[in-house]
Amino acid sequence: MTWEEMLPLLWPATLETAQMVGWATLFTVLLGLPLGVALVVFDRDGLRPMPALKSALGFVVNVGRSLPFIVLMIAIIPFTRLVVGTTIGTAAFVVPLTVGAVPFFARLVETALREVGTDVVQAAQAMGASRTAIVRKVLLPEALPGLVAGLTVTVVALIGYSAMAGTLGGGGLGDLAVRYGYQRFETLLMIVTVVLLLVIVQLLQSLGDWVARRLSHK
Amino acid sequence: MIQAYGLRKQYGETVALDGVDLHVREGEIYGVLGQSGAGKSTLLRCVNLLERPTAGTVTVAGQDLTALSDAELNRARQRIGMIHQHFALLSSRTVAGNVAFPLEIMGMPRAERERRVAELLELVGLEGRGKDRPHQLSGGQKQRVGIARALAGNPSVLLSDEATSALDPATTQSILALLKRLNAELGLTILLITHEMNVVKSVCDSVAIMSRGRIEESGAIADLIKTPGSRLTREIFPLPEPAPAGSVTLTFTGDPTRPVVSEVVRKFDVDLNILGGSIEDLAGGSVGRLRITLEGADTGPALAYLRDSGLIVEEAAV
């Protein structure tokens, strides 16, 4: 296979992966961030202790985390059809990607928020800050470097998940690797795909590290 | 200004506060002295209800805090400043941002906020450092930011939780001097907890000595010094305790330049031996303490003369 033949395959596949991961990242943040905050706030020694609710949320998160992604993807097909109306194509796979990444990201958010010292939280309470103000003005800004680091890990994990989604009709670089690399023995294309994924992950990780470092004022 | 009655705090089986009463008068600096684990930190945190006491009431500036709803309590807390041992500054904000935090909570408009922040930074001697990050400051400067932040809402009361314990001696003195100045200039009532006698000696008007969840002794320092057998007096002065049998301990609170001791030796038939003594500068003035032994025919009248001269005379049993 020549470069001229590979390029028209690689470019759209890369875009599909970017689309899947991009949308899934957006929805993961929108759902996972509040979930992570809830895990901290409702904790036994959180801002608003509600141990029963916290246990329930923790259980749901653990269920989500314990399912291998390929199993989860298949198991929630009915839900995907309900949300998107179809179960194939790039858009359809944003759903399982999000469902798979939300519990993962929520745990990382929880860990990052727990890193915030109890002394600053109590100082804010002593100043008469409401719970909402403490979450918005203390917990989230203080944890921001950790949140960015967690998001970077999540995005990298999503790229991995998206390759699996590719095998079930989601398109993207994973789909390319299976169809050409595995089924047609196009070794060169396989190698190029691998290198491309490596470069993308490296770049994202470096970007994430750089942003986290810029935000940290310790 | 601060009144607490019958405060009890229990964590499961552990009793942190065991029936504590506290009366802090307006405009005074009140120190709670005790070792770690004595319950002083719990006591301080009960004053702004960071810890809710198991029993008892807390009144600050005439308001019974234990009776307030969450929202009312938050409003009341905006009028009670607090500073912390490890400063508790937000690393995500600049110095100015940290001082502005309580003003944002109060809903003050931005322009007014900026003016107030500049004013507060000047008050604590940090003018021009507003754009710095907390990690760029020294410990003493961080505590000054903490103080500026605590004063943002014009509080009538400042609570200090071991605010100088993480600082070196020179910085401690400069922070204490600042607190003293704010107390004098703003009429700020300060309740501080500390394990350092030095803090009590340098700034406090009144003191409570805590141990195992109870207040063992409390009152104005000037009064406690004059009370024979007071624990505060024993702890302030570096004389061996208990006093050796037959010794006499004199406490001078009045004019320290009057040569009473030589007067006694000249007027009465006694020999006097000095075992030890020192003079300590307290917030209210100098106080001296001298341990002696007396021998001779006239020891009784000599001691009576010392008492009449305004000294506190404590005789150790023979």
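Residues numbered from 1 in each chain as written. Chains lettered and ligands numbered in written order. Predicted model: local features only at pLDDT ≥ 70, side-chain atom pairs only at ≥ 80, totals over all residues.

**Student:** Report on the overall build of chain A, specifying residues and quantitative values.
**Tutor:** In terms of regular secondary structure, chain A is built from nine helices and zero strands. In sequence order, the secondary structure elements of chain A are arranged as α-α-α-α-α-α-α-α-α. Overall size of chain A, expressed as C-alpha extent along the three principal axes, is 70 × 40 × 25 Å. Per-residue burial for chain A yields a buried fraction of 43% across its 218 residues. Residue pairs in contact within chain A that sit at least 24 positions apart in sequence constitute 70% of those at least 6 positions apart. (Helix = DSSP H or I, 4+ residues; strand = E, 2+ residues; numbered from the N terminus. Buried ≥ 20, exposed ≤ 12 C-beta atoms within 10 Å, placed from the backbone. Contact = placed C-beta atoms within 7 Å.)

**Student:** Report on the overall build of chain B, specifying residues and quantitative values.
**Tutor:** Tallying secondary structure elements over chain B gives 11 helices and 14 strands in all. Seen through its principal axes, chain B has C-alpha atoms that stretch 80 × 45 × 30 Å. Among the 318 residues that make up chain B, the fraction classed as buried is 40%. Expressed as a percentage of contacts within chain B between residues at least 6 apart in sequence, the contacts between residues at least 24 apart total 68%.

**Student:** Which residues make up the pairing of strand 13 (residues 285–296) of chain B, and what values do they have?
**Tutor:** Direction of pairing for strand 11 (residues 248–252) of chain B relative to strand 13 of chain B: antiparallel, over a ladder of five bridges. Residue pairing for strand 13 of chain B: Leu250(B) is matched across the bridge by Leu290(B). (Pairing = 2+ DSSP bridges.)

**Student:** Run through the nonpolar core, naming residues and quoting values.
**Tutor:** In terms of nonpolar packing, the biggest core is built from 144 residues, with Leu97(A), Val47(B), Val99(B), Ala148(B) and Leu191(B) touching the most fellow members. Those residues in contact with Leu97(A) that sit more than four places away from it in its chain are Met20(A), Ala24(A), Leu158(A), Tyr161(A), Ser162(A) and Ala165(A). (Core = buried A, V, L, I, M, F, W, Y, C linked by C-beta atoms within 7 Å.)

**Student:** So, the sheet that holds strand 11 of chain B: which residues are in play, and what are the values?
**Tutor:** Residue and element names in this part refer to chain B. With antiparallel pairing, the four strands of this open sheet are ordered in space as 12-13-11-14. Across the chains shown, the open sheet's two edge strands, defined by having one partner strand only, are strand 12 (270–282) and strand 14 (312–315). Along the sheet, successive strands turn relative to each other by an average axial angle of 20 degrees, direction set aside. (Axes fitted to C-alpha atoms, helices over the stretch in contact; angles between N-to-C directions.)

**Student:** Give me the lowdown on the sheet that holds strand 2 (residues 14–24) of chain B, citing residues and values where you can.
**Tutor:** Strand-to-strand pairing in sheets goes through backbone hydrogen bonds, with the strands running parallel or antiparallel. Residues and elements named next belong to chain B. An order of 2-1-4-5 is seen for the four strands of this open sheet, with the pairing classed as antiparallel. At either margin of the open sheet sits one strand with a lone partner, and together these are strand 2 and strand 5 (63–64). Across the sheet, helix 1 (residues 40–47) lies against strand 1 (2–11), strand 2 and strand 4 (55–60), angled at about 120 degrees from strand 1, the strand it touches most.

**Student:** Could you give an account of the interface of chain B and chain A, with specific residues and numbers?
**Tutor:** One widely used convention gives an interface's size as the accessible area the parts lose upon coming together. The interface is formed by 19 residues belonging to chain B together with 18 residues belonging to chain A. Sorting the residues of the side of chain B that touches chain A by element identifies helix 2 (70–77), strand 6 (80–84) and helix 3 (95–106) of chain B as the ones contributing at least two each. No other element matches the four residues that helix 3 of chain B contributes to the side of chain B that touches chain A.

**Student:** Could you give me a rundown of the domain arrangement of chain B, with the residues and numbers involved?
**Tutor:** Residues and elements named next belong to chain B. Domain parsing of chain B yields domain 1 (2–223) and domain 2 (237–315). Placing a centre on the C-alpha atoms of domain 1 and another on those of domain 2 gives a separation of 39 Å. Contact with domain 1, which involves seven residues of that partner, is made by four residues of domain 2. Of all the secondary-structure elements, those providing two or more residues to the side of domain 1 that touches domain 2 are helix 7 (197–203) and helix 8 (221–226). Across the side of domain 1 that touches domain 2, the residue classes break down as four nonpolar, one polar and two charged. (Domains from an automatic or database assignment. Nonpolar A, V, L, I, M, F, W, Y, C, P; charged D, E, K, R; others polar.)

**Student:** Go over the environment of Ile215(B), please, and point to the residues and values.
**Tutor:** Residues and elements named next belong to chain B. Inspection of the secondary structure assignment puts Ile215 in strand 10 (residues 214–220). A tally of 23 C-beta atoms within 10 Å means that Ile215 is categorised as buried. Distance from Ile215 to Ile147, taken between C-alpha atoms, is 27 Å for residues 68 residues apart in sequence. If sequence neighbours within four positions are ignored, Ile215 has contacts with Val20, Ala208, Ile209 and Met210.

**Student:** Account for the pairing of strand 1 of chain B, naming residues and giving values.
**Tutor:** Residues in a regular strand point their side chains to alternate faces of the sheet. Residues and elements named next belong to chain B. Sheet topology note: the strand 1/strand 4 ladder contains five bridges and is antiparallel. The residue bridging Arg8 from the neighbouring strand is Ala55, located in strand 4. One ladder, built from eight bridges, connects strand 1 with strand 2; its direction is antiparallel. Residue Gln10 lies in a different strand from strand 2, and its bridge partner there is Val15. Here strand 1 folds back onto strand 2 in antiparallel fashion, the turn holding two residues, of which Gly12 has a positive phi close to 60 degrees.

**Student:** Describe in detail unusual backbone geometry, supporting the description with residues and values.
**Tutor:** Residues and elements named next belong to chain B. Look at Leu49: it is not a glycine, yet its phi comes out positive at around 60 degrees. By the element assignment, Leu49 lies in the loop between helix 1 and strand 4. Exposure remark for Leu49: the 19 C-beta atoms within 10 Å place this residue in the partly exposed category.

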